[in-house]
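# Architecture at a glance
Take a look at the letters that make up each chain.
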Number of protein chains: 2
Amino acid sequence: MNKDGVLIVLSGFSGAGKGTLVKRLMELHEGYALSISATTRAPREGEMESVHYFFKTREEFEQMIEEDAFFEHAEYCGNYYGTPKAYVEEQLSKGRNVILEIEIQGALKIKEQRPDALLLFVTPKDAETLRERLTGRGTESPEVVEQRLSRAGEEAEGVEHYDYLLINDDLDTCVEEMHSIIRDARFRVTRNLGIIDEIKKSLKKGE
Amino acid sequence: MNKDGVLIVLSGFSGAGKGTLVKRLMELHEGYALSISATTRAPREGEMESVHYFFKTREEFEQMIEEDAFFEHAEYCGNYYGTPKAYVEEQLSKGRNVILEIEIQGALKIKEQRPDALLLFVTPKDAETLRERLTGRGTESPEVVEQRLSRAGEEAEGVEHYDYLLINDDLDTCVEEMHSIIRDARFRVTRNLGIIDEIKKSLKKGE
């Protein structure tokens, strides 16, 4: 079986608790690594190179784009952001499961390049709960509510291409479900096509 | 979340231990049901109606084909065999995980109709082990060996469309992996499109 780690792409609604989920997962279970983004924006107070970001100049970043060194990249508020392949691949080859927190459009670009990527989407337990969280139970202005709902709608665009839906109702339950799905992902056919090819070849040798 | 049971389609190489695997899974874990095939062949000694098969006349079977009552059916040695939808759907709606043992071509027909079906393929741990089992370690005639290899090749045709590969090296390990994959399957996006639609609708109501 393929001994590489599993590449996990995690998306979800704002306020669904992605950050907390990942933090708790990594506290409770070994063998995980977070993907580190590259950016051209200046480091903020306390941000460390190769820990929070790989900080790059525009020239370096554009050079990396040319070399196809990113799974995906985008420009946002005048700065580049991207997911460098090298770090992710290095961690995977060490057997670590790499988590990449990213929105759906970026996730689908990764899936194209790595069909074995496991796409997980985190959601509150139902539409009502999500709506309550987004609308702030009537305490927000109609404009803010409208903005949030519309942004959440965008956040869910393309979710039908995902593999699993994580229902973050109880945090620890959700963490264990996520861990179990990732553990099982080792057996996905998409990442074991090598074994299958080997088996098929072996069967043909006899013909 | 969708409370229905999971529809599991199990395929694999002859001699990979599918039968033993299913038997052990059902001994160790609750909530499973086996799909029951319909056939026009006569019952054999000890075979019971609605337990081993649904026994049908040719007329009844052809009537069922007309009514689109099968997930898939085929004629083999002058008799019809098929998988009636009604029994499977009834078990699923009771929350039972239904296991359907079938070869790949039939499995892919089921996947077309039920994209939420979980397709599992059982294999020995590597090509060598499979080859050893099929060739009988040199004790079989070249003709028998050739036939077996060729049949195994057919058995693997289309396996890249499956979801998970089960490596049946140690039986109890394989059973627990299978059970875990099935438990996690409750969270697959393909069977929770209802929740997603509901969430999307709820977000649109506010626009």
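Residues numbered from 1 in each chain as written. Chains lettered and ligands numbered in written order. Predicted model: local features only at pLDDT ≥ 70, side-chain atom pairs only at ≥ 80, totals over all residues. Heavy atoms only, no water.

### Observations concerning the UniProt feature "binding site: ATP" (unreviewed entry) in chain A
Residues and elements named next belong to chain A. In plain terms, the rule: UniProt positions are given in the numbering used here, feature names are shortened, and annotations may be inferred rather than shown by experiment. Each helix corresponds to a stretch of at least 4 residues labelled H or I by DSSP, and each strand to a stretch of at least 2 residues labelled E; elements are numbered beginning at the N terminus. Classification of residues uses two cut-offs on accessible area relative to the type maximum, computed with a 1.4 Å probe and protein chains only: under 20% is buried, over 50% is exposed, and between them is partly exposed.
Listed under "binding site: ATP" (unreviewed entry) in the UniProt record, and renumbered for this structure, are G12, F13, S14, G15, A16, G17, K18 and G19. For G15, the position within the fold is in the loop between β1 (7-12) and α1 (18-28). Overall, G15 belongs to the exposed group, its relative accessible area being 56%. Its place among the elements puts A16 in the loop between β1 and α1.

### Some details on the sheet that holds β1 of chain A
All names here are of chain A. Stated formally: Here, a strand pair is defined by DSSP locating no fewer than two bridges between the strands. Axis lines are fitted to C-alpha atoms, over the contacting stretch for helices. Their N-to-C directions set the angle, which ranges from 0 to 180 degrees. Here a residue-residue contact requires only that any non-hydrogen atoms of the pair lie within 4.5 Å.
Taken together, the five strands give an open sheet; going across it, the order is β2-β7-β1-β8-β9, and neighbouring strands pair in parallel fashion. Of all the strands in the sheet, just β2 (32-34) and β9 (164-167) have a single pairing partner and so form its edges. Averaged over all adjacent pairs, the angle separating strand axes in this sheet is 30 degrees, with direction ignored. Bridging between β1 and strand β8 (residues 118-123) involves five bridges; their strand directions are parallel. Bridge pairing in β8 links L10 to L120. Where helix α7 (residues 171-184) meets the sheet, its contacts fall on β1, β2, β7 (97-101), β8 and β9, and the angle it forms with β9 comes to roughly 160 degrees.

### Brief notes about the pattern of salt bridges
Where charged atoms from two side chains of opposite charge approach closely, those side chains can pair. Keep this limit in mind: Here a salt bridge means any side-chain nitrogen of Lys or Arg lying within 4 Å of a carboxyl oxygen belonging to Asp or Glu.
According to the stated counting rule, one finds 26 salt bridges over all chains in the structure shown. E75 of chain A serves as the salt-bridge partner of R58 of chain A, at 3.0 Å between the closest nitrogen and oxygen. Residue R58 of chain A is found in helix α2 (residues 58-66), and its partner E75 of chain A is found in strand β5 (residues 70-76); the two are separated by 17 residues along the sequence. The closest approach of N and O atoms between E160 of chain A and K200 of chain B, which form a salt bridge, is 3.3 Å. Here K200 of chain B lies in helix α8 (residues 193-205) and E160 of chain A lies in the loop between α6 (142-155) and β9, a pairing that spans two chains. Salt bridges sharing partners connect three or more residues here, namely K23, R24, E27 and D172 of chain A.

### Structural notes on the sheet that holds strand β4 (residues 53-55) of chain B
Sheet strands associate in pairs through backbone hydrogen bonding, adopting either a parallel or an antiparallel arrangement. Residue and element names in this part refer to chain B. Spatially, the four strands line up as an open sheet ordered β4-β3-β6-β5, and their pairing is mixed. Each edge of the sheet is formed by a strand with only one pairing partner; in this case those strands are β4 and β5 (70-76). Across the sheet, the axes of successive neighbouring strands diverge by a mean angle of 25 degrees, strand direction being ignored. Bridge analysis of strand β3 (residues 37-39) against β4 gives three bridges, and the strand direction is parallel. Within β4, the residue paired with T39 across the bridge is F55.

### Things to note about unusual backbone geometry
Residues and elements named next belong to chain A. Here S50, not a glycine, exhibits a phi torsion of approximately 65 degrees, which is positive. For S50, the position within the fold is in the loop between β3 (37-39) and β4 (53-55). Judged by its relative accessible area of 37%, S50 is partly exposed.

### Focus: the packing of α7 of chain A against helix α7 (residues 171-184) of chain B
Each pair of packed helices can be described by the angle between their axes along with the distance between the axes. Convention followed: Working definition: roughly parallel below 35 degrees, roughly antiparallel above 145 degrees, roughly perpendicular at 65 to 115 degrees, and oblique for all remaining angles. In a left-handed crossing the near helix is turned counterclockwise from the far helix by less than a right angle, and in a right-handed crossing that turn is clockwise. Each residue is assigned to one class: nonpolar for Ala, Val, Leu, Ile, Met, Phe, Trp, Tyr, Cys and Pro, charged for Asp, Glu, Lys and Arg, and polar for all the others, Gly among them.
The contact between α7 of chain A and α7 of chain B brings their axes to 10 Å, and the two run at 125 degrees. Here α7 of chain A lies oblique to α7 of chain B, going by the angle between them. Here α7 of chain A runs over α7 of chain B; the crossing is left-handed. Along the contact surface, α7 of chain A presents E177, S180, I181, R183 and D184 of chain A, while α7 of chain B presents S180, I181, R183 and D184 of chain B. Along the lines of polarity and charge, the residues of the contact of α7 of chain A with α7 of chain B split into two nonpolar, two polar and five charged.

### Some points on the relation of the copies chain B and chain A
To keep it simple, the criterion reads: In this comparison the copies share one frame, found by least squares on the C-alpha atoms of residues holding pLDDT of at least 70 in both.
For the pair chain B and chain A, the relating rotation is 180 degrees, the translation along its axis is 0.0 Å, and the fit reaches an RMSD of 0.0 Å. Here the copies are linked by what is in effect a two-fold axis. The residues that chain B uses at the interface reappear at the interface of chain A in 98% of cases, marking a shared surface.

### Topic: the packing of aromatic side chains
The condition that has to hold: Two rings from Phe, Tyr or Trp (for Trp, the six-membered ring) form a pair when their centres are within 6.5 Å of each other. A pair whose planes differ by under 30 degrees is stacked, one over 60 is edge-to-face, and the rest are tilted.
One pass over the full model with this rule turns up 16 aromatic pairs over all chains. Considering the side-chain rings of F54 of chain B and Y87 of chain B, the 5.7 Å spacing of their centres and the 65 degrees angle between planes classify their relative orientation as edge-to-face. Note that F54 of chain B is positioned in strand β4 and Y87 of chain B in helix α3 (residues 85-93), a separation of 33 residues in sequence. Ring-pair connections join several aromatic residues into one group, and the members of that group are Y53, F55, Y76 and Y81 of chain A.

### Topic: helix α5 (residues 127-135) of chain A
Every buried residue belonging to α5 of chain A is among A127, T129, L130, L134 and T135 of chain A, and all of these are buried. Following α5 of chain A by one or two positions, G136 of chain A adopts a phi angle in the positive range, close to 60 degrees.

### What to know about the pairing of β8 of chain A
Residues and elements named next belong to chain A. Summarising burial for β8: six of the six residues are buried, a large majority. Burial of β8 is two-sided: the residues L118, L120 and V122 facing one way and the residues L119, F121 and T123 facing the other way are all buried. In this sheet, β9 lies alongside β8 in parallel orientation, the contact comprising four bridges. Looking at the pairing, V122 lines up with L166 of β9.

### Looking at the packing of α5 of chain A against α6 of chain A
Residues and elements named next belong to chain A. It is at 9 Å that the axes of α5 and α6 come closest, and there the two elements cross at 135 degrees. Here α5 lies oblique to α6, going by the angle between them. Along this stretch, α5 crosses α6, giving a crossing that reads as right-handed. Counting all contacts with α5, which are made through R131, R133, L134 and T135, the residues of α6 involved are V145, R148, L149 and A152. Residues of the contact of α5 with α6, tallied by class, amount to four nonpolar, one polar and three charged.

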